[in-house]
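Overview (structure and organization)
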Protein chains: 2
Amino acid sequence: MRTGGMGCFWLFVLCLFSPAGANFTELTGMFGQIQSPNYPEGYPSDLDSTWNITVPTGFRIKLYFMHFDLEPSYLCEYDYVKVMSDDLQETFCGRESTDTERIPGQEFVLTNSNTMTVTFKTDFSNEERFTGFEAHYSAVDIDECVEKLDEALVCDHFCHNYIGGFYCSCRFSYILHSDNRTCKVECRDNVFTEKSGVISSPDYPYSYPKSSDCLYRIELEEGFTISLEFADIFDLEDHPDVPCPYDYLKIKAGIKEFGPYCGDKSPGKIDTNSSSIHIHFHSDDSGDNQGWKLTFTSVGKHSGKFLPDPEGNRRSSGRSQ
Amino acid sequence: MRTGGMGCFWLFVLCLFSPAGANFTELTGMFGQIQSPNYPEGYPSDLDSTWNITVPTGFRIKLYFMHFDLEPSYLCEYDYVKVMSDDLQETFCGRESTDTERIPGQEFVLTNSNTMTVTFKTDFSNEERFTGFEAHYSAVDIDECVEKLDEALVCDHFCHNYIGGFYCSCRFSYILHSDNRTCKVECRDNVFTEKSGVISSPDYPYSYPKSSDCLYRIELEEGFTISLEFADIFDLEDHPDVPCPYDYLKIKAGIKEFGPYCGDKSPGKIDTNSSSIHIHFHSDDSGDNQGWKLTFTSVGKHSGKFLPDPEGNRRSSGRSQ
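- Named according to an unreviewed UniProt entry, chain A is CUB domain-containing protein originating from Chiloscyllium punctatum.
- Recorded in UniProt for chain A, the comment headed Subcellular location (unreviewed entry) runs: "Secreted".

In structure tokens form, the structure reads like this:
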């Protein structure tokens, strides 16, 4: 008996604090319709109805009203429809817009995100019969290629929008990195066996590719020693405090190592005293720098100095074919 | 032995008539990419590759090229890319557009339907190495509310586009018919027991609702006889040869029947000699006509003539509440 009495008590308390018509509806379709209860008949008093709309990511929500007829009140304190999303809140009431209240009219509400909440609250009484509202919503595709332009370049080269998403692609002869955003080049197998020549970062002096690791080997017969002379235009992404954390050039000559080099100061001339050189050029997924170019020459034990063929300048621009 | 020999013969015949590289690819995604075989390396000779793209109904297909480099030839007789859809055929070849050949350039191809076929054919030899093509496609939503405007009004009242389709809705107090296109009214329960009055089609003299069946009953005490007088503005959809096949007005007075009435000639005055009248007004799913209006009066055995109250004209406009 006591338990039954307490049950009735809590039911009474719950009843006191719960609006009579509290009502939640989850909507997950790509489009749909929302009507005030009893539409097109007059809506009940003491309503608290909420519609949660969710569409897939990659879409926003567009909501618009075809009919709107609510009890007018100063600052919508009696009956109102509230539309909410992340950074958005709109309150509508009445039968026409005034200086202090608004009806939706021909306007539509467009979210930035893929969720929206619509709440319809009515007070305890209506002076006359109001017919309520009818609203429609639909998912609208987000064109990420246009909207994300500000956000540190969503795609390195080309952006392709489709309904519900986007993807990146690269210019001819570039390869999309596994980050699905930056465009790299294949440049790991560059071997030079000539006594002299020119090597540069891909597309020098235009911006070198991102997310790439280029390897260049100069392999001469034993007894030759190789010298490198960097061009004045030298430009690799750097950092004011940390030595070359992003892009860098490293040179290995036997057991000797040169670099890492970055920044805008050319390393100038390097006598390696070696017949075999490994050059590793690394770039990360951001930045817009001109790169580097070097001329290599060699001196043999029993022969003179080898200088590059002036016609051969463009031969070895460092993209493996 | 003979069977084996014939098998080889048919294989030989098949080989003669079948291009070496014949290749079909079915693409059904909402977006995708098409590349010439071996891209970005040079494409092979004797190719016959076809991509069939299908997207869901309610969408069309947009195709565009990011790279295009094919062997040039007069009227694209050597190597070409052909894009086909219902009412569309585009042929591209070469490295630049000329007076007689075209490359796709920055243009895109947009189908009217949800299917597209891309064919890539190459001949037996290339004079030099051509790198082929890279194309992208995506499904594009059809806005039926805009595009079908010409087609006999896709929606009677309001049209709502969504991604992949559309639906219709009606003005306040109308109901969407089961054809999901026209807007009807509920008007089956109109009973008049006054001695006189005015009845009209809904919204008279504006266009009456489509796809509706309105019933009006005048029920007086026995001994009374009812007369109907139609207004001059009478306008129901008709047909030059068949009597009232679309919209009509039929009147039943006991065992007598009047009508069907349609067209633009008012039936004028009808003395029914009955105290009970059934009026059936039917409209089909098309047309834009003004409807009808009648004044009913009655004469009793033992009393005078009843004429309608001039103030009551608007009372019985025929929409059941």
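1. A short note on the UniProt feature "domain: CUB" (unreviewed entry) in chain A
- The sites that UniProt annotates as "domain: CUB" (unreviewed entry) are residues 20-140 and 187-299 of chain A.
- This span, residues 187-299 of chain A, is 0% helix and 43% strand, and a straight line between its end C-alpha atoms measures 27 Å.

2. Digging into the state of the cysteines
All names here are of chain A.
- Evaluated as defined, the whole model comprises 12 disulfides over all chains.
- Each sulfur of the disulfide joining C76 and C93 lies 2.2 Å from the other. Residues C76 and C93 are joined through a disulfide that is left-handed, its torsion about the S-S bond being -80°. Here C93 lies in the loop between strand 6 (88-92) and strand 7 (108-110) and C76 lies in the loop between strand 4 (59-69) and strand 5 (80-85), a separation of 17 residues in the sequence. Like C93, C76 is buried.
- Disulfide partners in chain A, listed by the sequence order of the bonded cysteines, are 1-2, 3-5, 4-6, 7-8, 9-10, 11-12.

3. Quick look at the interface of chain B and chain A
- Of the residues lining the interface, 26 residues belong to chain B; the matching set on chain A comes to 26 residues.
- Here chain B meets chain A over a buried area of about 2,000 Å², counting both sides, of which 70% is carbon and sulfur.
- There are 0 salt bridges connecting chain B and chain A.
- At the junction of chain B and chain A, the tally comes to 4 residue pairs in polar contact (both at pLDDT 80 or more).
- At the level of elements, strand 2 (31-35), strand 4 (59-69), strand 9 (132-141), strand 10 (158-162) and strand 11 (165-169) of chain B are the ones that each hand at least two residues to the side of chain B that touches chain A.

4. Some thoughts on the relation of the copies chain B and chain A
- When chain B is fitted to chain A, the residual RMSD is 0.3 Å, and the transformation amounts to a turn of 179° plus an axial shift of 0.0 Å. Put plainly, the chains are arranged around a two-fold axis. Among all C-alpha atoms of chain B, that of I163(B) lies closest to the rotation axis, at 4.2 Å.
- Both copies present the same face, since 100% of the interface residues in chain B are matched by interface residues at the equivalent positions in chain A.

5. Re the nonpolar core
- If you look at the biggest cluster of nonpolar residues, it comprises 56 residues, and the most contacted ones within it are L63(A), F133(A), L63(B) and F133(B).
- Not counting chain neighbours up to four residues away, the residues in contact with F133(B) comprise I34(B), Q35(B), S36(B), Y39(B), W51(B), F65(B), H67(B), F68(B), L70(B), V81(B) and F120(B).

6. Here we look at the sheet that holds strand 7 (residues 108-110) of chain B
All names here are of chain B.
- On the basis of which strands lie adjacent, the open sheet formed by 4 strands has the order 2-9-4-7 and antiparallel pairing. Looking at which strands have only one partner, the edges of the open sheet turn out to be strand 2 and strand 7. Between one strand axis and the next, the sheet turns through 20° on average, direction left out of account.

7. Overview of the pattern of salt bridges
Residues and elements named next belong to chain A.
- By the definition in use, this model includes 20 salt bridges over all chains.
- Residues E107 and R102 are paired through a salt bridge, measuring 3.1 Å at the closest nitrogen-oxygen approach.
- Residue R102 is classed as partly exposed on the basis of its relative accessible area of 31%.
- A salt bridge links K269 to D271; its shortest N-O distance comes to 3.8 Å.

8. Quick look at the sheet that holds strand 18 (residues 248-253) of chain B
Residues and elements named next belong to chain B.
- Here we have 5 strands laid out as an open sheet, ordered 14-16-21-18-19, and mixed in their pairing. The sheet is open, and its two edges are formed by strand 14 (190-192) and strand 19 (256-261), each paired on a single side. On average, adjacent strands in this sheet sit at an angle of 15° to one another, irrespective of strand direction.
- Bridge analysis of strand 16 (residues 213-219) against strand 21 (residues 276-282) gives 7 bridges, and the strand direction is antiparallel. Paired with C214 across the strands is F281, a residue of strand 21.

9. Regarding the confidence of the model for chain A
Residue and element names in this part refer to chain A.
- Averaged over every residue, the pLDDT of chain A is 87; the share at 70 or more is 85%.
- Confidence drops under a pLDDT of 50 for residues 1-20, and excluding neighbours within four residues, the segment shows 2 contacts in the predicted structure.
- Within the model, pLDDT remains below 50 along residues 312-321, and this stretch shows 25 contacts once partners closer than five positions in the same chain are excluded.
- As a predicted assembly, this complex carries a pTM of 0.77 together with an ipTM value of 0.77.

10. Some thoughts on the domain arrangement of chain A
- Taken as a whole, chain A is organised into domain 1 (16-141), domain 2 (144-176) and domain 3 (186-311).
- Domain 1 of chain A and domain 3 of chain A are separated by 66 Å when their C-alpha centres are compared.

About the thresholds
- Residues numbered from 1 in each chain as written.
- Chains lettered and ligands numbered in written order.
- Predicted model: local features only at pLDDT ≥ 70, side-chain atom pairs only at ≥ 80, totals over all residues.
- Heavy atoms only, no water.
- UniProt positions renumbered as here; feature names shortened; annotations may be inferred.
- Helix = DSSP H or I, 4+ residues; strand = E, 2+ residues; numbered from the N terminus.
- Disulfide = S-S within 2.5 Å.
- Buried < 20%, exposed > 50% of the residue type's maximum accessible area, 1.4 Å probe, protein only.
- Contact = heavy atoms within 4.5 Å.
- Buried area = accessible area lost by both parts, 1.4 Å probe.
- Salt bridge = Lys/Arg side-chain N within 4 Å of Asp/Glu carboxyl O.
- Polar contact = N/O pair within 3.5 Å; in protein donor to acceptor, adjacent residues only side chain to side chain.
- Least-squares fit on C-alpha atoms with pLDDT ≥ 70 in both.
- Core = buried A, V, L, I, M, F, W, Y, C linked by side-chain atoms within 4.5 Å.
- Pairing = 2+ DSSP bridges.
- Axes fitted to C-alpha atoms, helices over the stretch in contact; angles between N-to-C directions.
- pLDDT = per-residue confidence, 0-100.
- Domains from an automatic or database assignment.

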